[in-house]
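# Breakdown of the fold
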Amino acid sequence: MSVQDQFAAFAVDVEKNAPEQVFKAAERVFLDWLGVAARGATSSPAPEFRKALQHEIGHGPASLVPDGLKATPRAAAFINGIGSHSIEFDDIFREAIYHPGVVVIPAALAAAETDGVPGKRFLAAIIAGYEVSNRIGAPMIPGHYAYWHTTGTIGAFGAAVGAGVALNLTKKQLGNAISSVATMAAGLQQAFRADAMLKPLHAGQAAQNGVTAAFGARAGLKGAPKMLEGDVGFAAALRGAADKPANFGP
């Protein structure tokens, strides 16, 4: 079984397998994210993209933070992801040098609102998105971080899993979503080596890509096998020099 399929098998069962204290932790990270996103929504480049994407705002099932203005799922994930990363108060997983909340939660929230899922399913989506992306991120360090911004690259996987679990994808569909988002993942370190607005875009783009991959998989999009561990897959291309293959340990 490929790594992406092992992660998918884990993620689809999170709602029934995760202990109650893990759901409590998911509630806390959501509230933490919400506070940061509410403040960050007023900081560049979130307002600029509200203006740029105005044709996708004012209608749709998903909500923008903090005013609840409706938007399409991809626009909501994108703008909420940008806003929650713009003031640098978001959470971090040290072993991957990665901010999971700003990608997993905007994607999971947009998907959950689209389907009107129960709160526990939304929390399960957060848990699954964090767990899978953290496990992908850790073995990519340190080589990956020499050029790549993990919140944009690793975050795409967390967003796809978060959105996919919220949409109640099957194991096969979720494996396809993880595979698909692997080829969308990007985010260059050069983006924040100067005074620019680009760093928060990595979070927004990862969240949006995750939503795109999850909805695509539900509609029948077929991914390629071994996108994480393949000879020319994600780890081989983006991990940098390493003494041994990445052990993702799903």
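Quick look at the structure, then. Quick caveat, the model's predicted, so the values are computed rather than measured.

Let us now look at the pattern of salt bridges. Here the structure, examined in full by the defined rule, presents six salt bridges. Taking the shortest distance from any N to any O, the salt bridge between glutamate 15 and arginine 121 comes out at 2.7 Å. Within this pair, whereas glutamate 15 is found in helix α2 (residues 14-17), its partner arginine 121 is found in helix α7 (residues 119-137), the two being separated by 106 residues in sequence. The closest approach of N and O atoms between aspartate 115 and arginine 218, which form a salt bridge, is 2.6 Å. In this pair, aspartate 115 is assigned in helix α6 (residues 101-115) and arginine 218 in helix α10 (residues 199-218), connecting sequence segments 103 residues apart.

Turning to the packing of helix α5 (residues 73-85) against α10, a few remarks are in order. Helix-helix packing: each pair is described by the crossing angle between the helix axes and the interaxial distance. Taken N-terminus to C-terminus, the directions of α5 and α10 make an angle of 150°; their axes are 7 Å apart at the nearest point. By the angle class used here, α5 and α10 are roughly antiparallel. Two packed elements cross with a definite hand, and for α5 against α10 that hand is right-handed. When α5 is examined against α10, the residues Pro73, Arg74, Ala77, Phe78, Gly81, Ile82 and His85 are found in contact with a partner set consisting of Lys199, Pro200, Leu201, Ala203, Gly204, Gln205, Ala207, Gln208, Val211, Thr212 and Phe215. For the contact of α5 with α10, the residue count by class is 10 nonpolar, six polar and two charged.

Looking now at the packing of aromatic side chains. Summed over the entire model, instances satisfying the criterion amount to four aromatic pairs. Ring centres of phenylalanine 30 and phenylalanine 122 lie 5.2 Å apart, and the angle between their planes is 90°; this geometry places the pair in the edge-to-face category. Of the two residues, phenylalanine 30 sits in helix α3 (residues 20-40) while phenylalanine 122 sits in helix α7, which places them 92 residues apart along the sequence. Residue phenylalanine 30 is classed as buried on the basis of its relative accessible area, which comes to 19%. Here phenylalanine 157 and phenylalanine 234 contribute two aromatic rings whose centre-to-centre distance is 4.9 Å and whose plane-to-plane angle is 85°, an arrangement assigned as edge-to-face. Remark: phenylalanine 234 occurs in helix α11 (residues 234-238) and phenylalanine 157 occurs in helix α8 (residues 150-166); sequence separation between them is 77 residues. Grouping aromatic residues by their ring pairs yields a cluster made of Phe30, Trp33 and Phe122. The positively charged end of arginine 135 is found above the aromatic ring belonging to phenylalanine 10, 4.6 Å away from the centroid.

Let us now look at unusual backbone geometry. Residue serine 44 is joined to proline 45 through a cis peptide bond whose omega torsion reads 10°. As for its position among the elements, proline 45 is in the loop between α3 and α4 (46-52). Put simply, isoleucine 141 and proline 142 share a cis peptide bond, and its omega is 10°. With respect to the secondary-structure elements, proline 142 resides in the loop between α7 and α8. One non-glycine residue, isoleucine 97, adopts positive backbone phi at about 50°. Looking at the secondary structure, you find isoleucine 97 in the loop between α5 and α6. Judged by relative accessible area, isoleucine 97 falls into the partly exposed class, the value being 29%. Positive phi is not limited to glycine here, since lysine 226 has a value of about 55°. Within the fold, lysine 226 resides in the loop between α10 and α11.

Another aspect to go through is helix α9 (residues 171-182). Between the first and last C-alpha of α9 there are 17 Å, a value that for 12 residues agrees with the 16 Å anticipated at 1.5 Å per step. On its buried side, α9 packs onto α1 (3-12), α8, α10 and α11.

A few words on the pairing of strand β1 (residues 57-63). Where β1 lies against strand β2 (residues 70-71), three bridges are found, and the strand directions are antiparallel. Paired with isoleucine 57 across the bridge in β2 is alanine 71. Taking the residues that link successive antiparallel strands as the turn, the β1-β2 hairpin has six residues, and the phi of glycine 68 there is positive, at about 75°.

Rules and cut-offs
- Residues numbered from 1 in each chain as written.
- Predicted model: local features only at pLDDT ≥ 70, side-chain atom pairs only at ≥ 80, totals over all residues.
- Heavy atoms only, no water.
- Salt bridge = Lys/Arg side-chain N within 4 Å of Asp/Glu carboxyl O.
- Helix = DSSP H or I, 4+ residues; strand = E, 2+ residues; numbered from the N terminus.
- Axes fitted to C-alpha atoms, helices over the stretch in contact; angles between N-to-C directions.
- Parallel < 35°, antiparallel > 145°, perpendicular 65-115°, else oblique.
- Left-handed = near helix turned anticlockwise from the far one by under 90°.
- Contact = heavy atoms within 4.5 Å.
- Nonpolar A, V, L, I, M, F, W, Y, C, P; charged D, E, K, R; others polar.
- Phe/Tyr/Trp six-rings, centres within 6.5 Å; stacked < 30°, edge-to-face > 60°.
- Buried < 20%, exposed > 50% of the residue type's maximum accessible area, 1.4 Å probe, protein only.
- Lys NZ or Arg CZ within 6 Å of the ring centre and 35° of its normal.
- Expected span 1.5 Å × (residues − 1).
- Pairing = 2+ DSSP bridges.

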